[in-house]
Each structure stands twice: as C-alpha cells, then as structure tokens.
Amino acid sequence: MREPTAFSFILTREDGARVYGNCLVFDEDFPDELKDQVMLAINVLIIKIGHIEISKENPLYTQKSICIISYYPFFNQFKEVLKQIYRLHLSKNDIPIEV
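What you see is a predicted model, and the numbers here were worked out from it, not measured in a lab. (Residues numbered from 1 in each chain as written. Predicted model: local features only at pLDDT ≥ 70, side-chain atom pairs only at ≥ 80, totals over all residues. Heavy atoms only, no water.)

Caption draft 1: A look at the nonpolar core. In this structure, L24, F26, I66, I68, F78, L82 and Y86 together form the largest nonpolar core, which totals 7 residues. Counting only elements with at least two residues in this core, the list comes to β2 (18-29), β3 (61-70) and α2 (75-90). No other element matches α2, which puts 3 residues into this core. Those residues in contact with I68 that lie beyond four places of it in its chain are Y20, G21, N22, F78, V81 and L82. (Core = buried A, V, L, I, M, F, W, Y, C linked by side-chain atoms within 4.5 Å. Buried < 20%, exposed > 50% of the residue type's maximum accessible area, 1.4 Å probe, protein only. Helix = DSSP H or I, 4+ residues; strand = E, 2+ residues; numbered from the N terminus. Contact = heavy atoms within 4.5 Å.)

As structure tokens, this is what we get:
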C-alpha cells in the first residue's frame with residue numbers, strides 16, 4: 001500500500017473567480033464482499049489481453065480521495081485538515097469517512 005499523496009489545484013470560473021482545491025489520495029483495502037466479483041472481471045479482461053495470472057491471495061486496493069474546495073487559498077492549512085481527517089479515518093471509531 002502506498003503512502004497518501006496530497007496535491008492542490010486552482011480552477012478559474014468563467015467570470016474569472018478562482019476556486020482552490022486540496023486533495024488527499026490514499027489506498028484502502030477493497031471490501032471483501034466485492035473482491036470475488038472484481039477478481040472475476042479482472043481475470044476475464046486479462047484473458048483477452050495477455051497471459052497474466054491474478055490470484056485471490058494478491059492484495060486488492062481501491063483509491064479514495066478526500067478534498068476541500070474553497071474560495072480561499074489556504075493550501076497548507078487545508079492540507080493539515082485533510083491529514084487529520086485521514087488519521088481519524090484510520091482510527092478505530094465507527095465514523096465512516098464518507099460522512
């Protein structure tokens with residue numbers, strides 16, 4: 001599993017106003033209840049493309065991203081907030097990150 005990656009960006013609206021964004025992208029274990037279906041689909045695609053074999057023992061990850069969009073360019077502060085949200089997500093609480 002890779003370390004989380006943070007990046008920022010600027011969007012310019014048609015009226016010239018700028019919107020600032022900060023994102024944190026991280027890998028997460030794929031849900032067990034969906035792994036069999038995904039592995040089947042991946043193996044079907046690989047059979048059509050080449051001779052690569054994927055087994056159920058290989059780890060399967062999905063990417064998630066949390067973002068803050070703002071009219072204010074507080075890049076460093078928003079990055080720290082995103083890191084704190086990610087740390088809360090990793091802790092053993094019952095609050096899903098999607099809330």
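Let us keep going from here.
Caption draft 2: Broad picture of the pattern of salt bridges. On inspection of all chains with the given rule, the structure shows 4 salt bridges. The partner of D27 in a salt bridge is R2, with the nearest N and O atoms 3.2 Å apart. Separated by 25 residues along the polypeptide, D27 in strand β2 and R2 in the segment before β1 (5-12) bring together distant segments of the chain. Residue class for R2 comes out exposed when judged on its relative accessible area of 54%. A salt bridge links E28 to K64, with the shortest nitrogen-to-oxygen separation between them at 3.0 Å. Pair noted here: E28 is in strand β2 and K64 is in strand β3, with a separation of 36 residues, a long-range link. What makes E28 buried here is its relative accessible area of 19%. (Salt bridge = Lys/Arg side-chain N within 4 Å of Asp/Glu carboxyl O.)

Caption draft 3: Structural detail: the environment of K79. Mapped onto the elements of the fold, K79 is located in helix α2. When the C-alpha positions of K79 and A6 are compared, they lie 7.2 Å apart, and in sequence the two are 73 residues distant. Among all residues touching K79, those that are not within four sequence positions of it are A6 and N22.

Caption draft 4: Expanded view of the pairing of β1. Bridging between β1 and β2 involves 8 bridges; their strand directions are antiparallel. Within the sheet, the bridge partner assigned to L11 lies in β2 and is V19. In textbook terms, the turn of a hairpin is the stretch between consecutive antiparallel strands, and for β1 and β2 this stretch comprises 5 residues, one of which, G16, has a positive phi near 90 degrees. (Pairing = 2+ DSSP bridges.)

Caption draft 5: Broad picture of α2. Between the first and last C-alpha of α2 there are 23 Å, a value that for 16 residues agrees with the 22 Å anticipated at 1.5 Å per step. Among the residues making up α2, those that are buried are F78, L82 and Y86. End-on, the buried residues of α2 take up no more than an arc of 85 degrees, which puts them together on one face. When the buried face of α2 is taken as reference, the exposed residues oriented beyond 90 degrees from it are N76 and L88. Those residues of α2 that are buried are in contact with β2 and β3. (Expected span 1.5 Å × (residues − 1). Arc of directions from axis to C-beta.)

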